[in-house]
Amino acid sequence: MIYLNRNIVFGLVAIALMHYNAFSQEVEKSQKNKFYGITKTKSDIKVDGNEDYIEWLSFDSIINLSNHYPVDSGLAQRKTIIKLTYDDKNLYVFVKCYDEGKRIIQSVAMDNSRTHWDSDSFTMTIDPMNQGQNGYMFGVNAGGARIESSLSNNGSETTYSEAWDNKWNSVVSQYQNYWIAELVIPFTSLRFNKKNRDWGINFIRNDMFTNYDYTWTMFPVNYGSMDLNFMGTLHWSEDIPENGRIFSLAPYTTLSSIEDKTDAANPINNNEIKVGIDSKIAISSSLNLDLTLNPDFSNADADEEITNISRFDIFLPERRNFFIENDDVFSNFGSTLVQPFYSRNIGLNNGEVVPITFGAKITGNLFKNARIGVMNVQTSKGNDILAENYTVSAIHQKVLKKFLFKIFYINKHVLSNAEQKDYMNNIGAELNFISKNQNFNNTFKFHSLKTEEKLKNNHYYGFNGNYNTRSFRSGWDVDVVGENYTPELGINPRLENYNAITGETFNLGFVHIYPKLQYLFFNKNPKSKLNWHGIKTWHHLYFDSTGKELTESDNSVTWDFSYTNTSFLSIDYNFRNVNIAYPTNILGRDIILPQGNYNFSQYGISYETDNRRIFKSNMRIGYGGFFDGTKISLDLNENFRIKSWGNFGLSYNYNLINDISDNFKKEVHLLKLKSDISFSNNLFWNTIIQKNSQNNNFSIYTRLQWRYLPMSDLFVIYNDNYDSRDFNLKNRGLVLKLTYWF
């Protein structure tokens, strides 16, 4: 049975609780002062971005915003006017941003978070349930590019899913000394309780010429501008109109031609027509049912190649839209190291895509303080692959304002003949506390996994949290993992240990302790070229299953410098002590490290240039030990922008491993060429060319997307993969996909 040393537990709990009595109520008071009473329009609202906005004159105005970054006090130096209204179908937002004609527009392509936040932009965040747990973000930049995301709170940190997509519209017009944006958001795109007349809302403006972020509510700079815990109030004087249509349909048709020569003896040439349908059904104004039949994810963004020189697997982000909306209700469990649910495990078998037959998902608020999620997905049977059924469910119950109680249940079941009874159940509970002013939060967790073998030591438990002030930041994670806690639908990469000599795999339980500290020095001189600088340190400590013997430590310290022109400098040092229990592989299967203890240090320096310029660079150089050898690493990223319609990037990652494991030498190269061309706000052409020497792959991926109607697209996608050693074709695909939302 795994246990954690009592002194370690008591010490970490004391650190987590020591500041609780010092919490203030300043932020809560500032929020109460931000109130907007929305009234219904009596005339039609023309969403045209026209300078003559006479239909908006009768509505109240928010006249200005407050500084948030890099200074979190005082009013914004650039004036902003915001108005809101609604009719029976839509919520309307008007914004006028004064800027003296000095503005930065990185791209006019939609759904690009990087160029959105690096451009002059306006963003609105809303929390219709006003519980600080989840919400939505809608934004436009000065060039008219739209972006939308679902928001969720994980502890005291708000995260967003940029892959979430929904139906809304906007128009942007530029003038000499200001730009105007008008947003129209259908009620059908939101989940809310029509009886709840107070929504959480905030407004964010990026002023890139001065490199300032402005927000409506004033709150400390150590919190992100989209934080759900620091919102003002949008008050409705009457019940909010119904969502409208109770359902929407999005059928699609895909024509594809696939050529696969991976198995030279049995090449595949396949041409097919595929049809399917997605549907959203409003069970209530705050509860939604998503259905998908024969889903196709060919239009999802291509995964970018990553160099992996560690001993463990890496995990790529989810990009499939069915799994993304409200995904936090399922995925906000566990820690960064151990997660019970990782949706990319559905529809994959040893790296091979397994077709999904259907999926159903209910998400939303069952009651004001209770969010639920229930998802069922069925995969199809294939060659040597059995059909599988997955059920994932979760409840988030808010208790006593600042406590959140969460439970989940996960089931995987293989559908086969009577002899096959393979299944996996994973159940868990977590309790999260957030202080009044959001400075402190902590979560306690317990999960238990059951399979047909009924093995012991099948538990995971621990706690994590943070305490942050304006200058001081801290955090902690404690994970205690049993040797048989093997979440097939989750992430637990350190559990399995492979003996590279015998070919055997062993599960080793462990205890992980992860403290982190940061202190920032903010510059008070307004003429200084430096926003802030600060020291940061973090430590990953791994113990054996008893919690007594230290098996690995990974210790880092950095000094960061943030400049007013958006450039950034970081100097880092890392020291590791690794005790390898079995001969193990790194760099794929190229190197076998003998069992033993390894101590080594690494140094690095990173620099990012002014990202507002046409040419911008991001580079890092590292040097030091690497187990019993040395490593030199180089990361170089160059980007060239042509006005707001073209972004062209070159990135190169290089690692040279020397004198490791009996004088072995290995060079790993990863080269990427990217181009993003925007012919308009609705027509885009994206290409990425990648060459990875680690897996000997050369790939070309290009996608043309035309959004001919809101949420209705035409995609043309071409993908090639070659063996980079001789450039023999591995596989090739051409896909034409048409979607229509009605």
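About the thresholds
- Residues numbered from 1 in each chain as written.
- Predicted model: local features only at pLDDT ≥ 70, side-chain atom pairs only at ≥ 80, totals over all residues.
- Heavy atoms only, no water.
- Helix = DSSP H or I, 4+ residues; strand = E, 2+ residues; numbered from the N terminus.
- Buried < 20%, exposed > 50% of the residue type's maximum accessible area, 1.4 Å probe, protein only.
- Areas by Shrake-Rupley, 256 points an atom, 1.4 Å probe, with all protein chains shown as cover.
- Lys, Arg positive; Asp, Glu negative; His and termini not counted.
- Charge placed at Lys NZ, Arg CZ, Asp CG, Glu CD.
- Pairing = 2+ DSSP bridges.
- Salt bridge = Lys/Arg side-chain N within 4 Å of Asp/Glu carboxyl O.
- Contact = heavy atoms within 4.5 Å.
- Core = buried A, V, L, I, M, F, W, Y, C linked by side-chain atoms within 4.5 Å.
- Phe/Tyr/Trp six-rings, centres within 6.5 Å; stacked < 30°, edge-to-face > 60°.
- Lys NZ or Arg CZ within 6 Å of the ring centre and 35° of its normal.
- pLDDT = per-residue confidence, 0-100.
- Polar contact = N/O pair within 3.5 Å; in protein donor to acceptor, adjacent residues only side chain to side chain.
- Patch = residues over 30% accessible without salt bridge, like charges linked within 9 Å, V, L, I, M, F, W, Y side chains within 5 Å.

### Quick word on the overall build of the protein
- Within the protein, the regular secondary structure consists of 5 helices and 43 strands.
- Projected onto its principal axes, the C-alpha coordinates of the protein cover approximately 80 × 60 × 50 Å.
- Across the 742 residues in the protein, those meeting the buried criterion constitute 54%.
- Entry remark: accessible area of the protein is about 33600 Å², with carbon and sulfur atoms responsible for 55%.
- Taken together, the 74 basic and 79 acidic charged side chains of the protein have centroids lying 6 Å from each other.

### Some words on the pairing of strand β15 (residues 268-284)
- Note: strand β14 (residues 247-260) against β15, 14 bridges, orientation antiparallel. The residue bridging Ser248 from the neighbouring strand is Lys280, located in β15.
- Bridge count for β15 against strand β16 (residues 287-293) is 7 bridges, and the pairing is antiparallel. If you follow Asp278 over to β16, its bridge partner there is Thr292.
- Linking β15 to β16, which pair antiparallel, is a turn of 2 residues.

### Section: the pattern of salt bridges
- Applying the stated criterion across every chain, the model contains 23 salt bridges.
- Asp239 serves as the salt-bridge partner of Lys195, at 2.9 Å between the closest nitrogen and oxygen. Here Lys195 is found in the loop between β10 (178-186) and β11 (198-207), whereas its partner Asp239 is found in the loop between β13 (232-236) and β14, with 44 residues between them in sequence.
- A relative accessible area of 55% places Lys195 in the exposed class.
- A residue is classified by how much of its surface remains accessible, and Asp239, at 29% relative accessible area, is partly exposed.
- Notably, a salt bridge pairs Arg576 with Glu552, separated by 3.2 Å at the nearest N-O pair. Placement of the pair is Arg576 in strand β32 (residues 568-580) and Glu552 in strand β31 (residues 550-563), with a sequence separation of 24 residues.
- Under the relative-accessibility criterion, Arg576 is labelled buried at 17%.

### What about unusual backbone geometry?
- Between Tyr69 and Pro70 the backbone carries a cis peptide bond, its omega angle lying at 0 degrees.
- Inspection of the secondary structure assignment puts Pro70 in the loop between β2 (66-69) and β3 (80-86).
- Phi at Asn457 is positive, roughly 50 degrees, even though this residue is not glycine.
- Along the chain, the position of Asn457 falls in the loop between β24 (440-451) and β25 (459-468).
- Residues other than glycine seldom take positive phi values, yet Met711 does so here, at roughly 65 degrees.
- You can see Met711 is positioned in the loop between β41 (697-709) and β42 (712-723).
- A relative accessible area of 11% means that Met711 is categorised as buried.

### Quick notes on the side chain of Lys631
- Mapped onto the secondary structure, Lys631 falls in strand β37 (residues 629-642).
- The side chain of Lys631 is buried and forms no salt bridge, while Asp635, the nearest opposite charge, is found at 8.3 Å.
- In contact with Lys631, other than residues within four places in its own chain, are Ile309, Gln602, Gly622, Tyr623, Gly624, Gly625, Phe626, Asn655, Leu656 and Ile657.

### Observations concerning the nonpolar core
- Core analysis: the biggest nonpolar cluster contains 50 residues, and Ile82, Leu84, Met124, Phe138, Phe203 and Trp236 have the highest contact counts within it.
- Looking at which element gives the most residues to this core, the answer is β10, with 7 residues.
- Trp236 has contacts with Ile38, Tyr86, Leu91, Phe187, Arg197 and Trp199, leaving out every residue within four places of it along the chain.
- Ranked by size, the runner-up nonpolar core spans 26 residues in total, among them Phe333, Val377, Ala394 and Phe510.

### Describing the pairing of β24
- Burial analysis of β24 places 9 of its 12 residues in the buried class, the great majority of the element.
- Here strand β23 (residues 423-434) pairs with β24 via 11 bridges, running antiparallel. Counted as the bridge partner of Leu431 is Phe444 from β24.
- Linking β23 to β24, which pair antiparallel, is a turn of 5 residues; within it Gln438 sits at a positive phi near 70 degrees.
- Here β24 pairs with β25 via 9 bridges, running antiparallel. Of the residues in β25, the one forming a bridge with Phe446 is Tyr461.

### Comments concerning the packing of aromatic side chains
- Scanning the model with the defined rule gives 40 aromatic pairs in all.
- Seen in terms of ring centroids, Tyr175 and Tyr178 are 5.2 Å apart; in terms of plane orientation they differ by 35 degrees. Their pairing is tilted.
- The exposure class assigned to Tyr175 is partly exposed, which follows from its relative accessible area of 22%.
- Measuring from centroid to centroid gives 5.6 Å for Tyr598 and Phe627, while their planes differ by 80 degrees, and the two rings are edge-to-face. You can see Tyr598 sitting in strand β35 (residues 596-608) and its partner Phe627 sitting in the loop between β36 (615-626) and β37, a full 29 residues away along the chain. Summarising the burial analysis for this pair, Tyr598 and Phe627 share the class buried.
- In textbook terms, an aromatic cluster arises when at least three aromatic residues are bridged by ring pairs, as seen for Tyr86, Phe187, Phe192, Trp199 and Trp236.
- If you follow Arg494 out to its NZ or CZ, it ends over the ring of Tyr542, 3.6 Å from the centre.

### Remarks on the confidence of the model for the protein
- Counting all residues, the mean pLDDT for the protein is 86, and 92% of those residues have values of 70 or more.
- Mean pLDDT in the protein bottoms out at helix α1 (residues 6-17), which sits at 45, and peaks at β31, which reaches 96.
- Confidence drops under a pLDDT of 50 for residues 6-30, and excluding neighbours within four residues, the segment shows 26 contacts in the predicted structure.

### Examining the environment of Asn376
- On the secondary structure map, Asn376 appears in strand β20 (residues 370-379).
- When its relative accessible area of 22% is taken as the criterion, Asn376 is described as partly exposed.
- Excluding anything up to four places from it in sequence, Asn376 contacts Phe358, Gly359, Ala360, Asn389, Tyr390 and Thr391.
- Reaching out from Asn376, the side chain makes a polar contact with the side chain of Thr391 at a distance of 2.8 Å.

### Describing a nonpolar patch on the surface
- Taken together, the side chains of Leu255, Ile273, Val275, Phe679, Trp685, Leu704, Val716, Leu734 and Leu736 make up a nonpolar region of the molecular surface, amounting to roughly 810 Å² of accessible area.
- Contributions of two or more residues to the nonpolar patch are made by β15 and β43 (729-739).
- As for its position among the elements, Trp685 is in strand β40 (residues 683-692).

### Thoughts on the side chain of Asp572
- Mapped onto the secondary structure, Asp572 falls in strand β32.
- Judged by its relative accessible area of 15%, Asp572 is buried.
- Ignoring anything within four residues of it in the chain, the contact list for Asp572 reads Val557, Thr558, Gln602, Tyr603, Gly604, Ile605, Ser606 and Arg620.

### Things to note about the environment of Tyr485
- As for its placement among the helices and strands, Tyr485 is situated in the loop between β26 (472-481) and β27 (496-498).
- Residue classification places Tyr485 among the buried positions, given a relative accessible area of 0%.
- Each C-alpha atom, one on Tyr485 and one on Tyr623, is 37 Å from the other, the two residues being 138 residues apart in sequence.
- When sequence neighbours within four positions are dropped, the list of residues in contact with Tyr485 reads Val338, Pro340, Asn426, His447, Ser448, Leu449, Asn457, Asn458, His459, Tyr460, Asn492 and Leu495.
- Looking at Tyr485, its side chain comes within polar contact range of the side chain of His447, at 3.3 Å.

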